[in-house]
Amino acid sequence: MADLTVELLGMKLANPTVLPSGILGERQGMLEAAAKGGAGLLVTKSVTLRPREGYRGPVLVPTPAGGIMNAMGLPNPGIEEFSRTYAARVGGRPVIPSIHASSPDELRQLAMAVDRLGPPAIEVNLSCPHAGGSRPDALVSQDPAETARAISAICTNTDVPIIAKLTPNVSDIVEIAAAALYAGASAIAAVNTFAAMDVDVNFERPVLGNLIGGLSGPAIRPLALRKVADIAVAMRTGCIDQAPIIASGGAASGEDLARFILVGATAVGMGSAVYERDAGVFAAASAELDAWMQAKGYRRLGDFRGKVIDWLATEKECADEPIGKAVERAAEAGKAAPRR
Ligand code: RRO
């Protein structure tokens, strides 16, 4: 058997699969099912300061090309109730709380509340594509300065490692990752769902209850791979700091895990695949990855992590200018003092 274990932010994971925050994971039962199903790491549904019921349905609509569109609307019990049920490990797997807020001050309050729970790390969701209802204007990770402001609001209130979950709905995700790392994030989660909508031709209206939403599932895998690769290339060429990347975006099999690790991911989320199949997908994909590694003669994940970046980073020089600008703007945004 190959060694599938992963070192991530001080945690030792049994394998690189992750239950990501997203359309699942809002109930303790889902965390238990994912742990039982073999996930190496569990991330909760994003929690907000106050409880949210979520949007009216339909909140989940499959799309013909192998995708799932959602506008759940961040249903969660709020930080108070969340704190009563949170456990740092479920079924022997580490559990990372994910937080979401609409201002740096709310983030600061959430960070302090979550810090008291003793989590191994905290994910900050800067990227729900429809958190502002039908007006998607609240996407922090579409702006480097906003991203830095949000991350530093958290980092100044906790020493727990911070994972910045980014939106793919930007032209340059590297600029955003640079700002997040500069402001003190310890890892990048990439990517959240792609902004999407679909139309019901009978009713002549958008299909989702919230009208607009985000697309996940196999349909977005190549798009997500490209965003992860962009970040990994920038890390390889020294344009931005090295940090672990927790990838997500349509992974559903052992080969998909290999694909994301080949472009530099340390761990890989599988959300829609759980919805499409069941929580057994984590163990199944890990077994497939093991078989692929054995066929290739790889003994551990580090033997092939980032190998495809060799194709992309050669001849490439660090494009100092855009990254420099992002960091400058991040610094101007205030309180974005680098952590290291
Ligand atoms: O709950 C949601 O509607 C949701 C969230 Br918080 C998110 O981060 N990404 C997404 O596609 N849906």
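One can find the structure itself at the top, above this paragraph.
In this report, the structure presented in the accompanying data block is examined. Position numbers for residues count from 1 along each chain, tracking the sequence in the order it is written. Selection of residues for local features in this predicted model requires a pLDDT of at least 70, selection of side-chain atom pairs for listing and counting requires 80 or more, and totals for whole chains, interfaces and linings are taken over all residues. To get the side-chain values, take all heavy atoms of the structure and skip hydrogens and water.

## Re the overall build of the protein
Consideration 1: A run of DSSP states H or I qualifies as a helix once it reaches four residues; a run of E qualifies as a strand once it reaches two. Both are numbered from the N-terminal end. Counting its regular elements, the protein contains eleven helices and 18 strands.
Consideration 2: Only C-alpha atoms enter the radius of gyration; for comparison, a globular chain is expected to reach 2.2 Å times N to the power 0.38, where N is the number of residues. Taken against the 2.2 N^0.38 rule, which gives 20 Å for 340 residues, the C-alpha radius of gyration of the protein at 19 Å falls within 12% of a compact globule.
Consideration 3: If you line up the protein on its principal axes, its C-alpha atoms span 50 × 45 × 45 Å.
Consideration 4: Only protein chains enter the accessibility calculation, which uses a 1.4 Å probe; a residue is then buried when its area is under 20% of its type maximum, exposed when over 50%, and partly exposed in between. In the protein, which comprises 340 residues, the proportion classed as buried is 57%.
Consideration 5: Put simply, 72% of the contacts in the protein that link residues at least 6 apart link residues at least 24 apart.
Consideration 6: The distance from the centre of the 33 positive side-chain charges to the centre of the 36 negative ones in the protein is 3 Å. When checking whether two residues touch, look at their non-hydrogen atoms; a contact exists if any pair is within 4.5 Å. As used throughout, the charge tally considers Lys and Arg to be positive and Asp and Glu to be negative, leaving His and the chain termini uncounted. Lys charges are placed at NZ, Arg charges at CZ, Asp charges at CG and Glu charges at CD.

## Looking at the side chain of Ser272
Consideration 1: Summarising the element assignment, Ser272 is placed in helix α8 (residues 272–276).
Consideration 2: Among the residues examined, Ser272 registers a relative accessible area of 8% and is labelled buried.
Consideration 3: Identification of polar contacts relies on pairs of N or O atoms within 3.5 Å, with a donor-acceptor requirement for protein atoms, meaning one able to donate a hydrogen and the other able to accept it, and with residues adjacent in sequence counted only if both atoms are side-chain atoms. Within the structure, the side chain of Ser272 is placed 2.6 Å from the side chain of Ser216, a separation counted as a polar contact.
Consideration 4: Engagement of the side chain of Ser272 in a polar contact is seen with the backbone nitrogen of Gly217, the distance being 3.3 Å.
Consideration 5: When residues no more than four places from it in sequence are discounted, the contact partners of Ser272 are Ile23, Ile68, Ser216 and Gly217.

## Thoughts on helix α3 (residues 104–115)
Consideration 1: In a regular helix each residue adds 1.5 Å, so twelve residues correspond to 16 Å; α3 covers 16 Å between its end C-alpha atoms and thus fits that length.
Consideration 2: The set of residues buried in α3 consists of Glu106, Leu107, Leu110, Ala111, Ala113 and Val114. Projected down its long axis, α3 carries its buried residues within an arc of 165°, all on one side.
Consideration 3: The secondary structure elements touched by the buried residues of α3 are α2 (78–85), β9 (98–99), β10 (122–125) and α4 (144–155). For a helix, the expected span equals 1.5 Å multiplied by the number of residues minus one. Arc, as used here, means the arc of the directions from the helix axis to the C-beta atoms.

## A closer look at the sheet that holds strand β13 (residues 194–196)
Consideration 1: What the four strands build is an open sheet, ordered β5-β6-β16-β13; its pairing is antiparallel. Either end of the sheet is taken by a strand with one partner, and the two such strands are β5 (60–63) and β13. Sheet twist, expressed as the mean angle between neighbouring strand axes with direction ignored, is 35°.
Consideration 2: Pairing of β13 with strand β16 (residues 213–216) involves three bridges; the strand directions are antiparallel. Its bridge partner being in β16, Ala195 is matched across the sheet by Gly214. One bridge is not enough; two strands pair if DSSP finds at least two bridges between them. For helices, the axis comes from a line fit to the C-alpha atoms of the stretch in contact; other axes are also lines fit to C-alpha atoms, and the angle between any two N-to-C directions lies between 0 and 180 degrees.

## Structural notes on helix α9 (residues 281–296)
Consideration 1: Taking 1.5 Å of rise per residue, 16 residues should cover 22 Å, and α9 covers 22 Å from first to last C-alpha, within 8% of that figure.
Consideration 2: Among the residues of α9, Val281, Phe282, Ala284, Ala285, Ser286, Leu289, Asp290, Trp292 and Met293 are the ones counted as buried.
Consideration 3: Looking at the buried positions of α9, the neighbouring elements they touch are β3 (17–19), α1 (28–36), α7 (254–262) and α8.
Consideration 4: Backbone geometry just after α9 places Gly297 at a positive phi near 85°.

## Thoughts on unusual backbone geometry
Consideration 1: For the bond running from Gly57 to Pro58, omega is -5°, close enough to zero to count as cis.
Consideration 2: Tracing the sequence through the fold places Pro58 in the loop between β4 (41–43) and β5.
Consideration 3: A positive phi angle is found at Leu9, which is not glycine, with a value near 50°.
Consideration 4: Relative to the assigned elements, Leu9 resides in the loop between β1 (6–8) and β2 (11–13).
Consideration 5: Owing to a relative accessible area of 21%, Leu9 belongs among the partly exposed residues under this scheme.
Consideration 6: At Leu211, a position not held by glycine, the phi torsion is positive, near 75°.
Consideration 7: Under the relative-accessibility criterion, Leu211 is labelled partly exposed at 34%.

## Some details on a nonpolar patch on the surface
Consideration 1: A contiguous nonpolar patch, built from Met197, Val199 and Val201 and spanning about 300 Å² of accessible area, is present on the exposed surface.
Consideration 2: Along the chain, the position of Val199 falls in strand β14 (residues 199–200).
Consideration 3: Of the residues examined, Val199 reaches a relative accessible area of 48% and is grouped as partly exposed. Every patch collects residues that have over 30% relative accessible area and no salt bridge, joining them within 9 Å if they carry like charges and within 5 Å if they are nonpolar side chains (Val, Leu, Ile, Met, Phe, Trp, Tyr). The accessible surface values rely on the Shrake-Rupley method and a 1.4 Å probe; as for residues, cover is taken only from the protein chains in view. Salt bridge, as applied in this entry: a Lys or Arg side-chain nitrogen positioned within 4 Å of an Asp or Glu carboxyl oxygen.

## Looking at the packing of aromatic side chains
Consideration 1: Aromatic pairing here means that ring centres of Phe, Tyr or Trp (its six-membered ring) are within 6.5 Å. Orientation follows from the plane angle: under 30 degrees is stacked, over 60 is edge-to-face, and everything else is tilted. Considering all chains together, one arrives at four aromatic pairs under this definition.
Consideration 2: Both rings, one in Phe82 and one in Tyr86, keep their centres 5.7 Å apart while their planes meet at 25°; by these two values the pair is stacked. This pair shows no difference in class: Phe82 is buried, exactly as Tyr86 is.
Consideration 3: Pairwise contacts between aromatic rings join Trp292, Tyr298 and Phe304 into one cluster.

## As for the site of the ligand
Consideration 1: Taken together, 13 residues sit near the ligand, with Lys45, Asn70, Asn125, His130 and Thr193 positioned nearest.
Consideration 2: Lys45 is positioned with one of its side-chain polar atoms (N or O) 2.7 Å from an oxygen atom of the ligand.
Consideration 3: Here Leu74 contributes a backbone N or O atom positioned 2.9 Å from an oxygen atom of the ligand.
Consideration 4: When the ligand is considered free in solution it has 320 Å² of accessible area, and contact with the protein chains removes 98% of it.
Consideration 5: All residues other than Ala, Val, Leu, Ile, Met, Phe, Trp, Tyr, Cys, Pro, Asp, Glu, Lys and Arg, Gly among them, are scored as polar; the first ten of these are nonpolar and the last four charged. Among the residues forming the shell around the ligand, the class breakdown is six nonpolar, six polar and one charged. The nearness test applies per residue and asks whether one of its heavy atoms lies within 4 Å of the molecule or strand.

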